[in-house]
Amino acid sequence: MHIIIGENRLELTIGDITKEETEAIVNAANGSLMGGGGVDGAIHQAAGPELLQACRKIRKEQLKGEPLGTGEAVITAGYNLPASYVIHTVGPIWNAHHPNQDKQLASCYRQALKLAKELDLSSIAFPSISTGVYRFPIKTAAEIAIRAITNYLQTATFGQVKMVLFSEADFRVYQSALKNITDSL
Ligand code: AR6
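Residues numbered from 1 in each chain as written. Predicted model: local features only at pLDDT ≥ 70, side-chain atom pairs only at ≥ 80, totals over all residues. Heavy atoms only, no water.

Draft legend 1. Region of interest: the pattern of salt bridges. The tally for this structure, following the rule as stated, stands at 6 salt bridges. Linking E143 and K139 is a salt bridge whose minimum nitrogen-to-oxygen distance equals 3.5 Å. Taken together, the residues E143 and K139, both in helix α4 (residues 138-155) and 4 residues apart, mark about one turn of the helix. A salt bridge links R172 to E168; the nearest nitrogen and oxygen atoms lie 3.2 Å apart. Of this pair, R172 and E168 both sit in helix α5 (residues 168-183), 4 residues apart, which is roughly one turn of the helix. The class for E168 is partly exposed, based on a relative accessible area of 43%. (Salt bridge = Lys/Arg side-chain N within 4 Å of Asp/Glu carboxyl O. Helix = DSSP H or I, 4+ residues; strand = E, 2+ residues; numbered from the N terminus. Buried < 20%, exposed > 50% of the residue type's maximum accessible area, 1.4 Å probe, protein only.)

This is how it looks when you write it as structure tokens:
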């Protein structure tokens, strides 16, 4: 399923993001950037050990030893991945009483898109950030993700954005969020 926004295309698919041939794929990382489980583990596994070296360098030089903040994004090469780049972002850990988490999740999508655009990239694939280990309710997460992406694409000429969902059930939730939001565009 896809929609066109200006000169941009937003597509929802089911699959494994490590196989995506977009110029950049997005990693749902944690602040340490040292890898983990879920999509983070799969991306490091497929990219090879040079990805961890690159992340170490970013922690040391760009972040001065600090963790990457929630809602922020950094970029590395993709090494053995089909994608040339990996954009690492940190989604919020879901907590029923955290007032800022919706904004932080939207920021992950926006910052990744901005970083890709700054490097003149025109295709990017996102996983469903925060909806695995970080337990963000997927219906709300999908609405936030689709709204953040469509808002960005309404103001910029970017190219192709893909949401790569890992199950049919997740795909349906994103499909429904996309329908609701495009009906209101
Ligand atoms: N391709 C696409 N989506 C995937 C893949 C894949 N290969 N593998 C998993 N998913 P999660 P989070 C989906 O837990 O919630 C890590 O340990 C998965 O089904 O990967 O942001 C990090 O190091 C789910 O829908 O990320 C952090 O510590 C979605 O990706 C923490 O988990 C996100 O699930 C981040 O948690």
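More follows now that the structure is in view.
Draft legend 2. Quick peek at the environment of S122. Tracing the backbone shows S122 in the loop between α3 (101-118) and β6 (123-126). Taking the relative accessible area as the measure of exposure, S122 reaches 36% and is therefore partly exposed. Taking C-alpha positions, S122 is 20 Å from L165, a pair spaced 43 residues apart along the chain. In this structure S122 touches E23, F158, G159 and Q160, once residues within four positions along its chain are discounted. (Contact = heavy atoms within 4.5 Å.)

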